Amino acid sequence: MRSNRSMPVDVLIPVLGYPDVSEAVEWLTAAFGFRLRWQIADHRAQLAVGPTAGLAIVQSDPSASAQDEMMVRVDDIDAHILISRANGAEITQEPTNHKYGERQYVARDHAGRTWCFSESIEDLTPESWGASEGPGLQS
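Reading the values: the criteria
- Residues numbered from 1 in each chain as written.
- Predicted model: local features only at pLDDT ≥ 70, side-chain atom pairs only at ≥ 80, totals over all residues.
- Heavy atoms only, no water.
- Helix = DSSP H or I, 4+ residues; strand = E, 2+ residues; numbered from the N terminus.
- Buried < 20%, exposed > 50% of the residue type's maximum accessible area, 1.4 Å probe, protein only.
- Contact = heavy atoms within 4.5 Å.
- Areas by Shrake-Rupley, 256 points an atom, 1.4 Å probe, with all protein chains shown as cover.
- Phe/Tyr/Trp six-rings, centres within 6.5 Å; stacked < 30°, edge-to-face > 60°.
- Lys NZ or Arg CZ within 6 Å of the ring centre and 35° of its normal.
- Pairing = 2+ DSSP bridges.
- Axes fitted to C-alpha atoms, helices over the stretch in contact; angles between N-to-C directions.
- Expected span 1.5 Å × (residues − 1).
- Polar contact = N/O pair within 3.5 Å; in protein donor to acceptor, adjacent residues only side chain to side chain.
- Core = buried A, V, L, I, M, F, W, Y, C linked by side-chain atoms within 4.5 Å.

## As for the overall build of the protein chain
Scanning the protein chain from terminus to terminus reveals two helices and eight strands. Going from N to C terminus, the protein chain has its helices and strands arranged as β-α-β-β-β-β-α-β-β-β. Within the protein chain, the proportion of its 139 residues that are buried is 35%. Within the protein chain, residue pairs in contact and separated by at least 24 positions form 51% of the contacts whose partners lie at least 6 positions apart. With the model as given, the accessible surface of the protein chain reaches about 8,400 Å², and the carbon-plus-sulfur share is 52%.

## Quick notes on the packing of aromatic side chains
Taken as a whole and assessed by the stated rule, the structure comprises seven aromatic pairs. Between Trp27 and Phe32 the ring centres are 5.2 Å apart and the planes differ by 85°, which places this aromatic pair in the edge-to-face class. When sorted by exposure, Trp27 lands in the same class as Phe32, which is buried. What links up through ring pairs into an aromatic cluster is the set Trp27, Phe32, Phe34, Tyr105, Trp115 and Phe117. Over the ring of Tyr18 we find Arg113, and its NZ or CZ is 4.5 Å from the ring centre.

## Here we look at the sheet that holds strand S3 (residues 44–49)
One open sheet accounts for four strands, arranged S1-S4-S3-S2; its pairing is mixed. Each of the sheet's edge strands pairs with one partner strand only, and the pair in question is strand S1 (15–18) and strand S2 (35–40). Taking the axes of each pair of neighbouring strands and ignoring which way they run, one obtains an average angle of 25° across the sheet. Bridging between S3 and strand S4 (residues 53–59) involves six bridges; their strand directions are antiparallel. Following the sheet pairing, Ala45 is matched in S4 by Ile57.

## Quick notes on helix H1 (residues 21–32)
With twelve residues, H1 extends 16 Å from end C-alpha to end C-alpha; this agrees with the ideal 16 Å at 1.5 Å per step. The backbone nitrogen of Ser22 has a side-chain oxygen 3.1 Å away, supplied by the residue at the start of H1, namely Asp20. Just beyond H1, the residue with positive phi is Gly33, at close to 80°.

## Section: the pairing of S2
The pairing of S2 with S3 spans five bridges and is classified as antiparallel. When the bridges of S3 are listed, Gln39 appears paired with Ala45. The antiparallel pairing of S2 with S3 creates a hairpin that spans three residues between the two strands, and Ala41 there sits at a positive phi of about 45°.

## Some points on the nonpolar core
Ranked by size, the top nonpolar core spans 26 residues in total, and within it Leu28, Phe32, Phe34, Leu55, Ile57, Trp115 and Phe117 carry the most contacts. When residues of this core are traced back to their parent elements, those giving at least two are S1, H1, S3, S4, strand S5 (69–73), helix H2 (77–86), strand S7 (102–108) and strand S8 (114–120). The element best represented in this core is H1, accounting for seven residues.

## Examining the environment of Gln46
Within the secondary structure, Gln46 sits in strand S3. For the pair Gln46 and Ala56, spaced ten residues apart in the sequence, the C-alpha separation amounts to 4.4 Å. At a separation of 2.4 Å, a polar atom in the side chain of Gln46 contacts the side chain of Arg37.

What follows is the structure, encoded as structure tokens:
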């Protein structure tokens, strides 16, 4: 199979609308540590999120950004929130340890979109915290 350096390897690539693509790229790379992979004027861009994931940004109606939420896994939630806060992210939930083994904080970006950042702190089965495991995850 031929390598395609313009696309991330993940099977799911979210596409988010922002009124100003260049402003979104600048803000998201500074506040959340994403990296620009490529950009086409102010029409579309792709950001690297972690070592393998990607995120596409397209120009769209400004009201669209406040209607969805993204979750991103990070290695060190406490270090990550310091950078986000220093670059203007509105922190709507401080880092919290959850019964399902994740430590998370929630932030709102410059366009009003909600971002949940999550770090695994314990490897727990869904049953141990009150959920049931789906057939696709059973070993």
